[in-house]
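Descriptive structure summary
Given next are the chains, with one letter for each unit.
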Amino acid sequence: MNEFTHKGKNKKEFVKYIFNDISTTYDFLNHFLSLGIDIIWRKKFIKSLGFSKDDKVLDVATGTGDVAFAIKKKYKSEIIGLDLSINMLDIAKKKSKKMNAEDIVFMEGDAENLPFDDNAFNKLVISYGLRNLGDCKKGLEEFYRVLKPNSKIGILEFLHPKSTIISKLFKFYFNNILPRVASLFSNSKAYRYLPESVENFMTPNELKILLEEVGFKNVSCNNLTFGITTIVNAEK
Ligand SMILES: C[S@@+](CC[C@H](N)C(=O)[O-])C[C@H]1O[C@@H](n2cnc3c(N)ncnc32)[C@H](O)[C@@H]1O
């Protein structure tokens, strides 16, 4: 039995509310609750897409901007970070000053209705954002629209892992330990929503089929850390 809504307009409003609510503890809890592994996952994710200085990149659901900062630091690409939650963007903007990355544009916007022309970007990344959209297919259609032909999309996400001992242990941690530890630092519902949102999301194969339905080709899924998290790459 679900506590939260996992589709549609109500979900979008709720997601916006919780990320605005947890923005100040988001980075700390990410690294703390994942024992820092999330930093390695993001690095591998970025490497999988092979950026260059000439790339025009859209980081959808950028949050506090960690993926955008990592791309900028290593590859100096032109980047726009877009997010629904203004408080997450405020943290990203503050961080950009400290990191000498003030040329990254952080803007408010909805992944399901992107404020860009067709064929505007040659890379699009979304890290732990897709699962949070109200309408995932609508989001993917928008990503396809704003990407140039032959350009790449990268998705980093918690997808339903295959049932193994490690994935069962992880599920136990995610469902029982993580929300309790997080509640010591934040009274937000966000950390109860997180495991439930993964339970209600797609398997790698289901996401592959959806990407192909939208028009993407050469879809590949690469499981990290026993399938706890997955990098999905595809081309327009
Ligand atoms: C788990 S955070 C991920 C942030 C960042 N990409 C990272 O890797 O840490 C999910 C983000 O998705 C954003 N988000 C959710 N739905 C969105 C939508 N429809 N459009 C844009 N951003 C959205 C939230 O506001 C939140 O900042």
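Here's a quick rundown of the structure.

Definitions and limits used
Residues numbered from 1 in each chain as written. Predicted model: local features only at pLDDT ≥ 70, side-chain atom pairs only at ≥ 80, totals over all residues. Heavy atoms only, no water. Helix = DSSP H or I, 4+ residues; strand = E, 2+ residues; numbered from the N terminus. Buried < 20%, exposed > 50% of the residue type's maximum accessible area, 1.4 Å probe, protein only. Contact = heavy atoms within 4.5 Å. Areas by Shrake-Rupley, 256 points an atom, 1.4 Å probe, with all protein chains shown as cover. Lys, Arg positive; Asp, Glu negative; His and termini not counted. Charge placed at Lys NZ, Arg CZ, Asp CG, Glu CD. Salt bridge = Lys/Arg side-chain N within 4 Å of Asp/Glu carboxyl O. Pairing = 2+ DSSP bridges. Axes fitted to C-alpha atoms, helices over the stretch in contact; angles between N-to-C directions. Near = heavy atom within 4 Å. Polar contact = N/O pair within 3.5 Å; in protein donor to acceptor, adjacent residues only side chain to side chain. Phe/Tyr/Trp six-rings, centres within 6.5 Å; stacked < 30°, edge-to-face > 60°.

Quick notes on the overall build of the chain
- Within the chain, the regular secondary structure consists of eight helices and seven strands.
- C-alpha atoms of the chain, sized along the principal axes, occupy 45 × 40 × 35 Å.
- The buried share among the 236 residues of the chain stands at 53%.
- Pairs at least 24 apart in sequence give 73% of the contacts found in the chain among residues at least 6 apart.
- For the chain, the exposed area adds up to about 11,800 Å²; of that, 54% sits on carbon and sulfur atoms.
- Of the side chains in the chain, 36 bear a positive and 29 a negative charge, and the two mean positions are spaced by 5 Å.

With respect to the environment of T203
- You can see T203 is positioned in the loop between α7 (190-199) and α8 (204-214).
- Using a relative accessible area of 25% as the deciding quantity, one classes T203 as partly exposed.
- As a C-alpha pair, T203 and F158 span 45 residues in sequence and 9.1 Å in three-dimensional space.
- In this view, T203 contacts L159 and H160; residues no more than four positions away in its chain are not counted.

Here's the deal with unusual backbone geometry
- At A61, a position not held by glycine, the phi torsion is positive, near 55°.
- In this structure, Y128 takes a positive phi of about 55° despite not being glycine.

Examining α7
- Counting buried positions along α7 yields eight of 10 residues, so the element is predominantly enclosed.
- Inspection of α7 places A190, Y191, Y193, L194, P195, E196, S197 and V198 among the buried residues, and these make up the whole buried set.
- Turning to α7, the residues buried within the fold contact α1 (8-33) and α6 (165-183).

Quick word on the pattern of salt bridges
- Scanning the entire structure with this criterion turns up 14 salt bridges.
- Measuring nitrogen to oxygen at the nearest pair gives 3.1 Å for the salt bridge that ties D103 to K72. Residue D103 is located in the loop between α4 (86-98) and β3 (105-108), and its partner K72 is located in helix α3 (residues 66-75); the two are separated by 31 residues in the primary sequence.
- For K72, a relative accessible area of 11% translates into the label buried.
- Where E199 meets K171, a salt bridge forms, and the shortest distance between an N and an O atom there is 3.5 Å. You can see E199 sitting in helix α7 and its partner K171 sitting in helix α6, a full 28 residues away along the chain.
- Overall, E199 belongs to the partly exposed group, its relative accessible area being 36%.
- Residue K171 is classed as partly exposed on the basis of its relative accessible area of 41%.
- The network of salt bridges with shared partners includes K12, D110 and E112.

What about the sheet that holds strand β4 (residues 121-127)?
- The strand order β3-β2-β1-β4-β5-β7-β6 describes an open sheet built from seven strands, whose pairing is mixed. Where the open sheet ends on each side, the last strands, each with one partner, are β3 and β6 (217-224). Within this sheet the neighbouring strands show an average axis-to-axis angle of 15°, counted without direction.
- Contacts between α3 and the sheet are confined to β1 (56-60), β2 (78-83), β3 and β4, with β2 contributing the most and set at about 180° to the helix.

Re the site of the ligand
- Surveying the vicinity of the ligand reveals 19 residues, the closest of which are Y26, A61, D83, S85 and S127.
- Contact distances for the ligand include 2.6 Å between an oxygen atom and a side-chain N or O atom of D83.
- One nitrogen or oxygen atom from the side chain of D110 is found 2.9 Å from a nitrogen atom belonging to the ligand.
- Computed on the free molecule, the ligand has an accessible area of 600 Å², of which 98% lies beneath the protein chains in the complex.
- For the shell around the ligand, the element with the highest residue contribution is α1, accounting for four residues.

What to know about the packing of aromatic side chains
- The tally for this structure, following the rule as stated, stands at 16 aromatic pairs.
- Relative to F32, the ring of F28 has its centre 5.4 Å away and its plane inclined at 15°; by these criteria the two rings are stacked. Residue F28 and its partner F32 are located together in helix α1, separated by four residues, close to a single helical turn.
- Since its relative accessible area comes to 41%, F28 is described here as partly exposed.
- Look at F158 and F170: their rings are 6.4 Å apart centre to centre, the planes differ by 35°, and that puts the pair in the tilted class. Of the two residues, F158 is situated in the loop between β5 (147-157) and α6 and F170 in helix α6; the sequence distance between them amounts to 12 residues. Residue F158 shares its accessibility class with F170, and that shared class is buried.

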